[in-house]
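What follows is the residue order along each chain.
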Amino acid sequence: MPDQTRIMVVEDDPTIAGLIEFVLRGAGYRTLLTATATEALACIETGDIDLVILDWMLPDIPGVQICLALKERSGRGFLPILMLTAKGEVSDRITALDSGADDYLAKPFYIEELLARVRALLRIRAAESERDAAMAALAAQNDALRAANDQLRAMQAQLVQSSKLAALGEIVAGVAHELNNPLAIILGNAELLSPQRTPDDQRSVEQIIESAKRARRVVQSLATFARRGPIIKEWTAPTDLVERVIDLKRAALHAAGIALEVVCQPDLPMLWIDVPQMQQALLNLLINAEQALSGAPAPRMRLSVSRGPAEPPPLLPARAVENHGSFVRFDVADNGPGIPAHIIERLFEPFVTTRPPGKGSGLGLAIAYGIVTQHSGQVLVASQPNQGTTVRIALPVDPPEGMTWQE
C-alpha cells in the first residue's frame, strides 16, 4: 500500500528534491531525503527503504558507482533503483543500467511518468517479495518433507529389523525346543557314566558333560531371545533395578580400571517388569560395554536413567535432561571404539558380535532385545567410530490395561 511504502530520494539539488518529495507524498508515499552518496549508504542500512530515486551526479560519489552498494547493504531482497540524470544519450542509459539501476529517467521529466515508473518498480519489488516468500515456504516444505522422509526411512528400517528378528525368533524357538530333549538325554546319560575306571575315560565323560551344559546354556539363551516362557512382573523402582545391576558389576569394573558414573533423574515412575529378566538385560549391556572398553585409554562408562521419548540415545559426554515422556530410559554409554555400521544393522541377531572369535557368544544383546520387547519396550543404539557407543533400553511408563499403580 502507498502509505506504507518508503522511498529514499538521493538528490543534491534541493529544488528537484523538494519537487520529488512533494509529488511522492501527494501520491501517498513516505519519503526520505539525502543529498550525498555517503548519507544514502548510511540511511539504507538503518532505514526500511522500498525504492531509491538516485541522482547520477552527486557531490561526493557518482550515483552510478553506488548502485550495487545500495542493493547489497539494503539486506531486504530486491531493492529497485530509479536513476535520474540530465544525460540523455543512449550510452548513458546503458551505463546507468549496467551499474545496477533498474530504470532510467532523464531530466527534465514528467510527473506522471515519474509516478508511473515508481509504481512499476514497486510492483516488481512486490512480485520479487512474493517470489522470495514462496521460495522460502517451498524450502521449508522441502525441509519438512526431507525430515519426514528420513523419519519414514528410519521407521521402515526399524520395522524391517523387527519383522526379521520376529521371524528369526520363531525359528530360534523351534530350534531350541528341538535341541532341549536331545541335550537332556546326552547330559543325563553322560552323568550316569561318571565315574569311570580310568582317568582318560573320566576326563572324556567330564568333557561330554561340560559341553552338554554349555550347549544347554546356549539353548536357554536362545529361548530367552525368542521370548518363550512365562514372565513374572511386579512394580519396581528404576533406581532399585540399577542398584542391583551395579552391585553385580562394580567390583569387576573397578578391577578393570573403568570409571563408572551413575546418573538417575529424581521422581522416576515405578515400572511393571520382570525384575530378574530386566536385570539380566541391563547386565548384558554393561558386560558388552566392559568388553568394548578392553584396552581403551581412559575407559569410561555411564549408566543413566531418565524419562522421555523412545528416541536414539546421545553419545558421551552428552547427558539426558528430559524428565517427561512415556518411557523410562536406561542408557549404558561408553567411550570405546564404537560399532561398525554393518554390524549395527544386525546387532540384535543371535551370534553377531564385534569381539574376536572365542571372546564373545554374540547373545548378550539378542537376549536383552528379547527381554525388552517382551516388556513392550525398545532397544536403541547410537555409535560413532572412536567416539563410543550408547545402548538405550526404553520401557513404557503407563501400566498395562486393567492395572493401577496400587495393584
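Just above, that's the structure.
These numbers come from a predicted model, not from an experiment. Sequence order sets the numbering: in each chain, residues are counted from 1 along the sequence as written. Only residues with pLDDT of at least 70 get local features here, since the model is predicted, and only at 80 or more are side-chain atom pairs given and counted; chain-wide, interface and lining totals rely on the full set of residues. Note: side-chain values were computed over all heavy atoms of the structure, leaving out hydrogens and water.

S.K.: Got a sec to walk through the overall build of the protein? Specific residues and values, please.
M.R.: Helix and strand content of the protein: ten helices and twelve strands. Residues counted as buried form 40% of the 407 residues belonging to the protein. In short, Shrake-Rupley with a 1.4 Å probe defines the accessible areas, and a residue's cover is counted only from the protein chains shown. When the accessible surface of the protein is summed, it comes to about 22,200 Å², and 56% of that surface belongs to carbon and sulfur atoms. Labels follow the DSSP assignment, with helices taken as runs of H or I lasting at least four residues and strands as runs of E lasting at least two, numbered in each case from the N terminus. Relative accessible area decides the class of each residue, using a 1.4 Å probe on protein chains only: under 20% of the type maximum gives buried, over 50% gives exposed, and in between gives partly exposed.

S.K.: So what's going on with the packing of aromatic side chains? Which residues, and what values?
M.R.: Classification of ring pairs uses Phe, Tyr and Trp, with its six-membered ring standing for Trp, and accepts pairs whose centres are within 6.5 Å; under 30 degrees between planes counts as stacked, over 60 as edge-to-face, and the remaining range as tilted. Under the counting rule described, the total for this entry stands at one aromatic pair. Ring plane angle 50° and centroid distance 5.0 Å describe the contact between Trp-235 and Trp-272, whose orientation is recorded as tilted. Of this pair, Trp-235 sits in strand 6 (residues 234-236) while Trp-272 sits in strand 8 (residues 271-273); the two residues are 37 residues apart in sequence, bridging distant segments of the chain. Taking relative accessible area as the criterion, Trp-235 reaches 16% and is therefore assigned buried. Under the relative-accessibility criterion, Trp-272 is labelled partly exposed at 25%.

S.K.: Any chance you could break down helix 1 (residues 14-26) for me, citing the residues and the numbers?
M.R.: A rise of 1.5 Å per residue sets the reference length of helix 1, with its 13 residues, at 18 Å; its end C-alpha atoms lie 18 Å apart and thus fit the reference within 8%. Within the span of helix 1, buried status applies to Ala-17, Ile-20, Glu-21, Val-23 and Leu-24. Seen along its axis, helix 1 keeps its buried residues to an arc of 165°; they face one direction. In helix 1, those exposed residues whose orientation departs by more than 90 degrees from the buried face are Pro-14, Thr-15, Phe-22, Arg-25 and Gly-26. Identification of polar contacts relies on pairs of N or O atoms within 3.5 Å, with a donor-acceptor requirement for protein atoms, meaning one able to donate a hydrogen and the other able to accept it, and with residues adjacent in sequence counted only if both atoms are side-chain atoms. For helix 1, the N-terminal capping position is held by Asp-13, with its side-chain oxygen 2.9 Å away from the main-chain nitrogen of Thr-15. Count one or two residues on from helix 1 and you reach Gly-28, which has phi positive near 95°. Take the residue count of a helix, subtract one, and multiply by 1.5 Å to get its expected span. Here the arc refers to the set of directions running from the helix axis out to each C-beta atom.

S.K.: Kindly report on the packing of helix 8 (residues 275-292) against helix 10 (residues 364-374), identifying the contributing residues and their values.
M.R.: Throughout, an axis means a line fitted to C-alpha atoms (over the contacting stretch in the case of helices), and angles, computed between N-to-C directions, take values from 0 to 180 degrees. At a minimum axis separation of 9 Å, helix 8 and helix 10 run at an interaxial angle of 145°. Here helix 8 and helix 10 pass one another in a crossing that is left-handed. On helix 10, the residues touching Gln-277, Met-278, Gln-280, Ala-281, Asn-284, Leu-285 and Asn-288 of helix 8 are Gly-364, Leu-365, Ile-367, Ala-368, Ile-371, Val-372 and Gln-374. Three categories are distinguished: nonpolar for Ala, Val, Leu, Ile, Met, Phe, Trp, Tyr, Cys and Pro, charged for Asp, Glu, Lys and Arg, and polar for the others, with Gly belonging to the last. In terms of residue class, the contact of helix 8 with helix 10 is made up of eight nonpolar, six polar and no charged. By the definition used in this description, the sense in which the near helix is turned from the far one sets the handedness, with an anticlockwise turn below a right angle giving left-handed and a clockwise turn giving right-handed. Contacts are residue-level and defined by heavy atoms, with any inter-residue pair within 4.5 Å sufficient.

S.K.: Provide a residue-level description of the nonpolar core, including the pertinent values.
M.R.: Here, nonpolar core refers to any group of buried Ala, Val, Leu, Ile, Met, Phe, Trp, Tyr and Cys residues whose side-chain atoms link them within 4.5 Å. Judged by nonpolar contacts, the single largest core of 40 residues is most densely connected at Met-278, Phe-330, Ile-393 and Leu-395. Mapped by element, the contributors of at least two residues to this core are helix 7 (238-255), strand 8, helix 8, strand 9 (300-308), strand 10 (327-334), helix 10 and strand 12 (388-396). Beyond its immediate chain neighbours, meaning those up to four positions away, Ile-393 contacts Met-278, Ala-281, Leu-282, Leu-285, Val-328, Arg-329, Phe-330, Val-372 and Gln-378. Counting residues in hydrophobic clusters, the runner-up holds 22 residues, among them Leu-32, Ala-40, Ile-66 and Ala-96.

S.K.: Go over the sheet that holds strand 9 with me, naming the residues and quoting the values.
M.R.: Two strands pair if DSSP finds at least two bridges between them. The strand order across the open sheet built from five strands is 7-9-10-12-11, with neighbouring strands paired in mixed fashion. Looking at strand neighbours, the two that pair on one side only are strand 7 (259-264) and strand 11 (378-384), the edges of this open sheet. Pairwise comparison of adjacent strand axes, ignoring direction, gives a mean angle of 15° for this sheet. Two strands pair when backbone bridges link them, and strand 10 and strand 12 are joined in this way by eight bridges, in the antiparallel orientation. Looking across to strand 12, one finds that Val-328 is bridged to Leu-395.

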